[in-house]
Amino acid sequence: MTDQMLAVLSVLLVSDGEKGQYGQAISAATALRTGTVYPILVRFERAGWVTSRWEDRDDPGEARDSGAPRKYYKLTSEGRERARSALEVRREALAKAGLPFPLAPPPSSVFGQ
């Protein structure tokens, strides 16, 4: 599992709410380009770790802007387990090598919470 994949998983774990997180916000939180983030999300979705949904612009509870509808991504229960496990394996490997774990959760301000 690459550092980029682990970064995306860590963001999804932190933002694991009812709504999920949209790709551009994941990109901003990880400091990865969207061209890196979206293929990772597709890969996780195909593996059953992530589900996605398009925002419902007719729902009064959805935030609206003038841009294109957003696609929201959320970890499945299997995805949460696998993400935690993968992050722990990396944390342990780095600890054995005496290196810090670089994938700190992003600040909550990135998600506007």
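An account of the accompanying structure is given in this report. Predicted, not measured: the structure shown is a model, and the values here were computed from it.

Thresholds, definitions, all that
Residues numbered from 1 in each chain as written. Predicted model: local features only at pLDDT ≥ 70, side-chain atom pairs only at ≥ 80, totals over all residues. Heavy atoms only, no water. Helix = DSSP H or I, 4+ residues; strand = E, 2+ residues; numbered from the N terminus. Buried < 20%, exposed > 50% of the residue type's maximum accessible area, 1.4 Å probe, protein only. Contact = heavy atoms within 4.5 Å. Core = buried A, V, L, I, M, F, W, Y, C linked by side-chain atoms within 4.5 Å. Phe/Tyr/Trp six-rings, centres within 6.5 Å; stacked < 30°, edge-to-face > 60°. Axes fitted to C-alpha atoms, helices over the stretch in contact; angles between N-to-C directions. Parallel < 35°, antiparallel > 145°, perpendicular 65-115°, else oblique. Left-handed = near helix turned anticlockwise from the far one by under 90°. Nonpolar A, V, L, I, M, F, W, Y, C, P; charged D, E, K, R; others polar. Pairing = 2+ DSSP bridges.

**A closer look at the overall build of the protein chain**
Broken down by element type, the protein chain carries four helices and three strands. In sequence order, the protein chain lays out its α and β elements as α-β-α-α-β-β-α. Residue burial in the protein chain is summarised as follows: out of 113 residues, 34% are buried. Put simply, of all contacts in the protein chain between residues at least 6 apart along the chain, 59% involve residues at least 24 apart.

**Examining the nonpolar core**
With 21 residues, the main nonpolar core has Val8, Leu9, Leu12, Ile26, Leu41, Phe44 and Val50 as its most contacted residues. Mapped by element, the contributors of at least two residues to this core are α1 (3–14), α2 (23–30), α3 (34–46), β3 (71–75) and α4 (77–96). With seven residues, α1 is the single largest residue contributor to this core. Sequence-distant contacts of isoleucine 26, that is, excluding residues within four places in its chain, are made with Val8, Val11, Leu12, Gln21, Val37, Leu41 and Tyr73.

**Some remarks on the packing of aromatic side chains**
Think of a pair of aromatic rings as described by two things: how far the centres are apart, and how the planes are tilted against each other in angle. Across all of its chains, the model carries three aromatic pairs by this definition. Each ring, one from tyrosine 22 and one from tyrosine 72, has its centre 5.7 Å from the other, and the planes form 75°; the classification is edge-to-face. Note that tyrosine 22 is positioned in strand β1 (residues 21–22) and tyrosine 72 in strand β3, a separation of 50 residues in sequence.

**Here's the deal with the packing of α1 against α4**
Packing of α1 against α4 brings their axes to within 10 Å, and their N-to-C directions diverge by 125°. On the basis of the axis angle, α1 is oblique to α4. Taken as a pair, α1 and α4 cross one another with a handedness that is left-handed. Here Asp3, Leu6, Leu9, Ser10 and Leu13 of α1 come into contact with α4, specifically with Arg80, Ala83, Arg84, Ala86, Leu87 and Arg90. Tallied by class, residues from the contact of α1 with α4 come to six nonpolar, one polar and four charged.

**Remarks on α2**
Residues spaced three or four apart along an α-helix face the same direction, because each turn holds 3.6 residues. Summarising burial for α2: six of the eight residues are buried, a large majority. Along α2, the residues classified as buried are Gly23, Ala25, Ile26, Ser27, Ala29 and Thr30. Looking at the buried positions of α2, the neighbouring elements they touch are α1, β1, α3 and β3. Of the residues one or two after α2, alanine 31 is the one with positive phi, at around 60°.

**Looking at the sheet that holds strand β2 (residues 50–54)**
Pairing in this open sheet of three strands is antiparallel, and the strands run β1-β3-β2 from one edge to the other. Each having just a single partner strand, β1 and β2 make up the two edges of the open sheet. By the bridge criterion, five bridges tie β2 to β3 in an arrangement that is antiparallel. Bridged to valine 50 within β3 is leucine 75.

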